[in-house]
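Chain and residue survey
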Amino acid sequence: MLEFQNVTKRYSESGDALSEVSFALEPGELAFLTGHSGAGKSTLLRLIPVIERPTRGKIVLDGQPINRLTQREIPFLRRKLGLIFQDYRLLHDRTVFDNVALPLAIAGYSPVEIGRRVRAALDKVGLLRKEKRYPKGLSGGEQQRVGIARAIVHKPPVILADEPTGNLDPELSAEIMGLFREFNAVGVTLLIATHDLGLISRMACRRLRLHQGRLLEGG
Ligand SMILES: Nc1ncnc2c1ncn2[C@@H]1O[C@H](COP(=O)(O)OP(=O)(O)OP(=O)(O)O)[C@@H](O)[C@H]1O
């Protein structure tokens, strides 16, 4: 479903953030991406939606090599991905409903279809009754669940999460991980970057470990 072949990412300011990284995730796999601060986790995740491009090497998503995609083709690639961030990245002047609806509105879905899909996504994360609220009035865990609903509303086959529980206490983190497991149980492929080694040990999943831009384990 996702393959990295000898991927290197060099920043002119700071050198190689990733060096010769190779791994493959099968459809329906759930893997954690770990490593010290600055190991290259965020860089690796940013290459997949083509927020950044690799310096060398090849990346294949769902059978499609993504290296040479044009700017026009990138939105179609991103429809296969659900992106989840540590800081939620919600729009604070929009309701919960509108935040989750945003990707569908951009993709041109009809209002009826948007309503149906947004409510299904909010139901999945347990926030159906809060659709009219604004993000500021929600707890951190609830805000992250809005971020997750937004990431899954278009039913992507792959979810990428960058420190999704970084701002949450252990109980809420476990809740979020429970949601990821549910998505995984219906066949979604997940790659989750995290520092939380306790959480990883409890989940018994594959671990890709980066150290100074190199994949030391799990490749
Ligand atoms: N846009 C950028 N321009 C220049 N250097 C960058 C850029 N983004 C990341 N880097 C550098 O690349 C290296 C890897 O950073 P990255 O953010 O991928 O690590 P990380 O493992 O996600 O760290 P953290 O856990 O602290 O978020 C670091 O040395 C960082 O300074």
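Residues numbered from 1 in each chain as written. Predicted model: local features only at pLDDT ≥ 70, side-chain atom pairs only at ≥ 80, totals over all residues.

1. Notes on the nonpolar core
Val 100, Ala 149, Ile 159 and Leu 160 are the most contacted members of the largest nonpolar core, which has 56 residues in total. Setting aside residues up to four positions removed in sequence, Leu 160 forms contacts with Leu 45, Ile 48, Leu 81, Leu 83 and Leu 191. (Core = buried A, V, L, I, M, F, W, Y, C linked by C-beta atoms within 7 Å. Buried ≥ 20, exposed ≤ 12 C-beta atoms within 10 Å, placed from the backbone. Contact = placed C-beta atoms within 7 Å.)

2. Regarding the UniProt feature "domain: ABC transporter" (unreviewed entry) in the chain
With numbering aligned to this structure, UniProt lists the feature "domain: ABC transporter" (unreviewed entry) at residues 2-219. For residues 2-219, the helix share is 34%, the strand share is 27%, and the end-to-end C-alpha distance is 12 Å. (UniProt positions renumbered as here; feature names shortened; annotations may be inferred. Helix = DSSP H or I, 4+ residues; strand = E, 2+ residues; numbered from the N terminus.)

3. Some points on unusual backbone geometry
Trans peptide bonds make up most of the peptide bonds, and negative phi angles are found at most residues other than glycine. Of note, the phi angle at Asp 62 is positive, near 50 degrees, even though the residue is not glycine. Its place among the elements puts Asp 62 in the loop between strand S4 (56-61) and strand S5 (64-65). Not every positive phi belongs to a glycine, and Gln 212 is a case in point at roughly 45 degrees. Locating Gln 212 in the fold gives a position in the loop between strand S9 (206-211) and strand S10 (214-217). According to the C-beta neighbour criterion, Gln 212 is partly exposed, with 15 such atoms within 10 Å.

4. Side note on the site of the ligand
Close to the ligand lie Tyr 11, Glu 13, Ser 14, Ala 17, Gly 35, Ser 37, Gly 38, Ala 39, Gly 40, Lys 41, Ser 42 and Thr 43. Here the residues of the shell around the ligand are counted per class, giving 3 nonpolar, 7 polar and 2 charged. (Near = placed C-beta within 6 Å. Nonpolar A, V, L, I, M, F, W, Y, C, P; charged D, E, K, R; others polar.)

5. Overview of the environment of Asp 162
Among the secondary structure elements, Asp 162 is positioned in strand S7 (residues 158-162). Along the primary structure Asp 162 and Leu 191 are separated by 29 residues, whereas in three dimensions their C-alpha atoms are 8.6 Å apart. Setting aside chain neighbours within four positions, we find Asp 162 in contact with Ser 42, Leu 45, Phe 85, Gln 86 and Ala 193.

6. Quick look at the sheet that holds strand S8 (residues 189-193)
Taken in spatial order, the 6 strands make up an open sheet running S6-S7-S8-S3-S9-S10, and their pairing is mixed. Of all strands in the sheet, those bounded by a partner on one side alone are strand S6 (81-85) and S10. For this sheet, the mean inter-axis angle between neighbouring strands, taken without regard to orientation, is 20 degrees. Two strands pair when backbone bridges link them, and S6 and S7 are joined in this way by 5 bridges, in the parallel orientation. (Pairing = 2+ DSSP bridges. Axes fitted to C-alpha atoms, helices over the stretch in contact; angles between N-to-C directions.)

7. Some thoughts on the confidence of the model for the chain
In the predicted model, the chain carries a mean pLDDT of 94, and 100% of its residues have values of at least 70. Complex prediction metrics read pTM 0.93 and ipTM 0.93. (pLDDT = per-residue confidence, 0-100.)

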